[in-house]
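Results of the structural survey
Listed below, chain by chain, are the residues.
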Amino acid sequence: MATAAGASTADTETECSVCHELFKNPKLLPCAHVLCRHCLLSWLASNPEALCPLCRGAIADPKEKSKTKGWEETVDALPDDVAMAALVESTRVLSQDHVCVGCKSAAVSICLDCCEMMCQSCSDLHKKFAMARDHKVEDLSSMTAEELAASQPDHCSVHTSKPCELFCPTHGAAICHLCASAKHRACPDLTELAEAADKSREELSQMVTSLLTEEQQLEEAVAALERHLEATEKVVHEAVAEIDRTCDQLEKSVKECRRRLKKMTLDAKAKVKDTVLAVKVTLLDHRGRLTSHRRVADRTTRRSTNKGVCDVTRALRDRVMDILVTCGQRRADLKSVYMVTLTIDAAAVARIEKELSELGQVKISPASVGPVQSLGWRFHTNHGKNIALSNDGLTAERGRGDELNGIVVADQPMVPDVLYEIRIDKLDPQYGSCYLPCGVVLTDPDHLRLPDTARNGWGSEAVVISDAVYNRGHTENNNLNNATWYLPEGSRVRVMVTTKAELHLWVNGSDRGVIATTVPTPCFAFFDLCWEYSQASVLPPTHLG
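This structure is a prediction, so every number in the text was calculated from the model and none was measured.

Parameters at a glance
- Residues numbered from 1 in each chain as written.
- Predicted model: local features only at pLDDT ≥ 70, side-chain atom pairs only at ≥ 80, totals over all residues.
- Heavy atoms only, no water.
- Axes fitted to C-alpha atoms, helices over the stretch in contact; angles between N-to-C directions.
- Helix = DSSP H or I, 4+ residues; strand = E, 2+ residues; numbered from the N terminus.
- Parallel < 35°, antiparallel > 145°, perpendicular 65-115°, else oblique.
- Left-handed = near helix turned anticlockwise from the far one by under 90°.
- Contact = heavy atoms within 4.5 Å.
- Nonpolar A, V, L, I, M, F, W, Y, C, P; charged D, E, K, R; others polar.
- Pairing = 2+ DSSP bridges.

Moving on, we get to the packing of helix 7 (residues 193–303) against helix 8 (residues 306–332). Where helix 7 meets helix 8, the axes come as close as 10 Å, and the angle between the chain directions of the two elements is 160°. Between helix 7 and helix 8, the angle falls in the class roughly antiparallel. Considering the relative orientation of helix 7 and helix 8, their crossing is left-handed. Contact residues: Thr282, Leu283, His286, Arg289, Leu290, His293, Val296, Ala297 and Thr300 in helix 7; Gly308, Val309, Val312, Leu316, Arg319, Val320, Ile323, Leu324, Thr326, Cys327, Arg330 and Arg331 in helix 8. Along the lines of polarity and charge, the residues of the contact of helix 7 with helix 8 split into eleven nonpolar, six polar and four charged.

Structural data, given as structure tokens:
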């Protein structure tokens with residue numbers, strides 16, 4: 001974890017995010033972040049959920065923690081970031097005082113092979129020694145950490161004084177000639193390290209291209225989502241305005257209904273009041289006449305002579321009779337008096353309330369956010385019954401005890417001029433050499449019938465490349481020269497259908513030419529992990545356009 005003196009101002013790229021110092025033993029996490037080995041162990045010890053401190057991505061399964069060694073085995077199994085380690089060492093070297101290693105005067109150049117700084121005199125002397133005559137000496141003032149890291153010589157990890165000149169694909173190791181003759185004599189396909197590095201650079205370049213393409217597509221997807229959010233804001237704003245307009249209109253209608261019902265009620269009240277008052281006035285008038293005649297009759301009875309009583313009786317008889325008849329008629333007028341009655345249609349109210357509750361509905365429905373298409377692919381969940389998928393569908397492994405039923409198919413139709421590639425991760429030593437059947441199927445994997453082996457198993461549903469080409473049920477001659485026979489671990493196999501409907505096969509970077517023509521679309525890449533081929537992983541696709 002500790003940095004060398006003078007390196008505290010190093011670029012943040014070479015600084016650990018935990019200790020904020022130059023990386024020491026940098027480890028590459030599954031999420032592609034980098035931490036010092038010691039920092040990673042400390043972080044895992046205090047964070048048992050085993051998540052990356054930068055992105056919260058999973059570093060390992062918490063169950064992998066060893067009871068005796070803690071997280072050491074898990075951390076040591078993570079790959080070393082050798083590029084970062086070289087960059088850190090170069091940064092450390094260049095951050096030191098520029099002092100000549102020989103005479104201690106000011107250094108002006110650096111030997112890339114020895115990684116030592118020298119003054120001009122010592123540099124000239126250095127070039128005269130036979131052992132250093134071929135060393136590359138560069139001007140120190142223009143040297144960057146990246147250039148120094150990339151120019152370091154490759155030394156054998158076993159014979160540290162010997163240069164690595166060979167590469168063993170079987171063990172995935174760069175070796176010297178002594179290792180090749182001592183420990184790798186039985187390993188097939190030893191190649192020049194420079195040639196292997198060129199192929200690796202090509203593969204890394206393709207990875208960068210694929211990742212950059214996917215990154216750009218994800219950026220487009222994020223931009224499309226942002227546009228979708230803006231469109232959602234606009235739609236919701238317009239919807240809220242429409243709700244306000246509708247409810248305002250309904251509120252206006254309700255207010256008008258209230259006003260109308262109140263007016264009708266008050267008008268009815270006024271009409272009833274006028275009627276009642278008119279009858280009341282009439283009754284009061286007749287009551288006055290009744291009272292006056294009653295008083296006359298009463299007064300006459302008590303105070304008048306006999307003659308007076310007879311005269312008043314005769315005078316009042318017809319008049320009182322008329323008054324009594326009229327009063328009876330006026331009492332009948334009470335039957336024509338009305339009461340105000342308001343009837344609200346409860347069914348209509350319920351119907352209106354129901355219609356209001358159903359006036360509008362808000363739904364969240366699927367929507368397209370733009371024409372964003374990903375070239376990334378995985379193994380489809382419809383696979384051979386002896387296959388187990390892992391790593392989110394990017395790795396397929398065939399179980400032991402059954403050399404067949406290992407077919408895996410791409411989960412999406414092939415895009416023209418795109419290479420669909422797998423890497424052979426493991427071989428099963430109990431089986432001998434065999435072909436790796438591969439090719440394309442013409443049926444959607446959702447509805448695809450999977451035979452125990454691809455060879456002669458599909459008939460007209462597929463183009464199968466194996467010991468021969470089985471083109472939709474017909475066996476064709478070919479010049480593949482056993483292209484997929486006995487592929488070692490680490491081998492890469494690609495298939496591609498061009499815009500001309502031609503099927504191509506690549507094996508370890510070598511194009512084997514046109515395998516079949518007039519291949520129908522849509523079609524899906526497939527690989528048959530049979531016999532010795534027990535595990536394979538999806539590699540990023542490459543667009544040849």
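This next bit is on the sheet that holds strand 12 (residues 418–427). Strand pairing in a sheet relies on backbone hydrogen bonds, with the paired strands running either antiparallel or parallel. Taken together, seven strands build an open sheet; the order of strands is 9-10-21-12-17-18-19 and the sheet is antiparallel. The sheet terminates laterally at strand 9 (387–390) and strand 19 (510–516), the two strands that pair on one side only. Averaged over all neighbouring strand pairs, the angle between strand axes comes to 25°, with direction disregarded. Alignment of strand 9 against strand 10 (residues 395–398), held across four bridges, turns out to be antiparallel. Counted as the bridge partner of Leu389 is Ala396 from strand 10. Sheet strands in contact with helix 7 are strand 17 (492–497) and strand 21 (533–543), and its direction is about 65° off that of strand 21.

What follows concerns the sheet that holds strand 20 (residues 524–528). The six strands lie next to each other as 11-20-13-14-15-16, forming an open sheet whose pairing is antiparallel. Edge positions in the open sheet fall to strand 11 (407–409) and strand 16 (474–476), since each of these has one partner strand only. Taking the axes of each pair of neighbouring strands and ignoring which way they run, one obtains an average angle of 20° across the sheet. Of the strand pairs in this sheet, strand 14 (residues 462–465) and strand 15 (residues 469–471) are connected by three bridges, and their pairing is antiparallel. For Ile465, the partnering residue across the bridge sits in strand 15 and is Val469.

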